[in-house]
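Below are the chains, spelled out letter by letter.
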Amino acid sequence: MEPRRYRLAMAISESDIAAVRAATDIVALITEQVALKKTGRRWTGLCPFHGEKTPSFSVNAEEGRYYCFGCRVAGDQITWVRETMHLDFVDAVRLLADRASIELHEDANASKERKERQRLFEAMERAVDWYHHRLLEAPDARVARDYLRSRGISGEIARQFRLGWAPDQWDALVNATHFDEAVLTGTGLGFVNQRGRKQDAMRARLIFPIFDPSGKAIAMGGRVMPGATRPDGTPQAKYKNSPETPIYSKRRTLYALNWAKDDVIRTGEIIVCEGYTDVIAFFGAGMPRAVATCGTALGEEHFRAMRNFAKRIVLAYDADQAGQSAAASVYQWERQHEVDVAVARLPRGTDPAELAQRDPVALAQSVADAVPFLQFRLERVLELADFATPEGRARAGERAIEVLAEHPSELVRDQYVMQVADRLRLDVAMLRARVADVARGETRIAPIVAPPRPAAGRLPRPGIEALRLCVHFADLRTRFDVAYFVHEVQRDAFSALTSGEPISSVIERLDHQGLEEAARVLSEVVVDDPGPRPTDAAIAAVVAQLLRHASDVALHELERELRSGTVAPEVAVTVIRDVKERLALLGSDQGESAEASLREWLAGRLAAQLT
Ligand SMILES: [Zn+2]
């Protein structure tokens, strides 16, 4: 069968995956990051995937499913771990298996690779610890401690961020830990030099350990002390970062996300800085929601990591740096990940760490007053403009047109066209036309309108009610037939349910068959609170409602066939009369036999349609 194939590459068996799902309490898992409240038989809370003030995020504890009625995200325990910790499927299953002390039956290669990664994580943790104690205790770390104090970084903060000190020696870490060569190079903590001796990667540097979102140490950044020079007297690079390793990807990692996560979820806002000390400064100034890229520009994968947590991304860069971010990419990421990117207006030539020390209130204000990216870019153009002469204003106008045209939305562009025309005293119509011309020629980005999401709410109501019963009271599935569902999506959903597998497996299978809408319908009804088991009369009413709806649709088709001459009038008239008679009997004491014959009729029509 089709859905089994995708598993082959993953090397984790279906039964292991089922065991992991069964062993993981989804409410306990989610409440590690989101507050859930029990309402009736389900749990609800504020959705971590989109900003909201009233809870539309629902969890069904028994089936292990979550669904948001606002942004329509849906999933199970594994999806949750994948989305919130951005792990791939296999790593998510491994993490949950670890939590539940389930041993996975992986193939030999996968388990070897896993053990190797485990060894690297452990070594990294040990190194972080060793460097950290060096900073706190060793006499030779005084220079680092003095430097931190001068930058307003207290011992408490140093402990919180587990800062460290790499002594001014070639092999201090190597000698203390006896890491083997595979571990040294696998973590980037050291290497083997030309004389065949093991050597540390970091020397005489302040250490900023870097963790993954779950809090595992994966890399480190090392900062030189002011004035440090190489043996030949030239200044050293200020920062040295771990290389890419099997446990560390720069493109994907945001420094401090492990600590910032909670506040980011709480506020819906994330602050992106350039340096580790900037991040620490924001935490110190009472905004523990700052992260930094690790020696690389902000990119697509960083956005992917952030959109799980934040709706608003505030860039707190030095003004010149922020203006230079690739505008086209930023706008595209904004639309693709449904986030807003704003820029904090820091005084020119100041970074957040300096401002925090001098004026923490001003730092907080700069984040609160952060302006949309486009506005920030336009302000920069206008700041540099020469307003005194018509030529100066025209030049600024040309620059503004270029900046405006980069934005993919005409609606957004137009709001700023007015502002720019006002400031530069240019003709609005002319400016608007020029922007439109440039935008048409240069933007390759699709129009702003998002593709319509299939709305489960638009599917026929009787079918939804029936599916709700089938999902929550499995024994009632036999009361229904696939032919009762007039909408293809609901038919697919119902057929999938009849396999009797757990709901998460059913939904996953639908997804992999490309039947996402059917998967979504089930994702939604499974988190509804079904209340107590309905009475027989209530069940019969749902069945009758569905049958009436299906029969009405079928009768309309029959009438159309009659008009177009594809069915003989005497046949059609008899059928229409019979069906109407039976519909009238639903709910009476002859209801059961009426139901049976309608079922037969509808199933026959569906079979004919499908052949
Ligand atoms: Zn949501």
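Residues numbered from 1 in each chain as written. Predicted model: local features only at pLDDT ≥ 70, side-chain atom pairs only at ≥ 80, totals over all residues.

**A look at the pairing of strand 13 (residues 269–273)**
The criterion, for reference: In this scheme the burial state of a residue depends on its C-beta neighbours within 10 Å: 20 or more other such atoms mean buried, 12 or fewer mean exposed, and anything in between means partly exposed; the C-beta positions come from the backbone. Think of it this way: any DSSP run of H or I at least four residues long counts as a helix, any run of E at least two long counts as a strand, and we number them from the N terminus. Strands pair, by our definition, only if DSSP identifies at least two bridges between them. By the criterion used throughout, a crossover qualifies as right-handed when its path from the first strand across the helix to the second strand runs clockwise, the strands pointing away from the viewer.
Summarising burial for strand 13: 5 of the 5 residues are buried, a large majority. Relative to strand 15 (residues 312–315), strand 13 is paired through 4 bridges, and the arrangement is parallel. Following the sheet pairing, I271 is matched in strand 15 by V314. Where strand 13 and strand 14 (residues 290–293) come together, 3 bridges link them in parallel fashion. Bridging from a neighbouring strand, V272 pairs with V291 of strand 14. Once the chain exits strand 13 it traverses helix 11 (residues 276–284) before rejoining the sheet at strand 14, and the crossover so formed is right-handed.

**Side note on the sheet that holds strand 5 (residues 74–75)**
How we decide: Whether two residues are in contact is decided by their C-beta atoms, placed from the backbone, lying within 7 Å. In this description, a line fitted to the C-alpha atoms serves as the axis of each element, helices being fitted only across the stretch in contact, and the angle between N-to-C directions of two axes falls anywhere from 0 to 180 degrees.
The sheet built from 5 strands is open, its strands ordered 1-2-3-4-5 with antiparallel pairing. Either end of the sheet is taken by a strand with one partner, and the two such strands are strand 1 (37–39) and strand 5. Pairing of strand 4 (residues 65–68) with strand 5, which is carried by 2 bridges, proceeds in the antiparallel orientation. Bridged to Y66 within strand 5 is G75. Against the sheet, helix 24 (residues 516–526) makes contact with strand 3 (57–60), strand 4 and strand 5, and its axis sits at roughly 100° relative to strand 4, the strand it touches most.

**A word on the packing of helix 21 (residues 461–472) against helix 22 (residues 488–497)**
Filter applied, for reference: In what follows, roughly perpendicular refers to angles from 65 to 115 degrees, roughly parallel to angles under 35, roughly antiparallel to angles over 145, and oblique to any angle outside these ranges. Note on convention: near helix rotated counterclockwise from far helix by under a right angle means a left-handed crossing. Clockwise means right-handed. Under the convention adopted here, Pro, Cys and the residues Ala, Val, Leu, Ile, Met, Phe, Trp and Tyr are nonpolar, Asp, Glu, Lys and Arg are charged, and Gly plus all remaining residues are polar.
Interhelical geometry of helix 21 versus helix 22 gives an angle of 15° and a closest axis separation of 11 Å. As the angle between them shows, helix 21 and helix 22 are arranged roughly parallel. Pair helix 21 / helix 22 crosses with left-handed handedness. The segment helix 21 lies against helix 22, with G463, L467, C470 and V471 engaging Q490, A493, F494 and L497. Counted by class, the contact of helix 21 with helix 22 contains 6 nonpolar, 2 polar and no charged residues.

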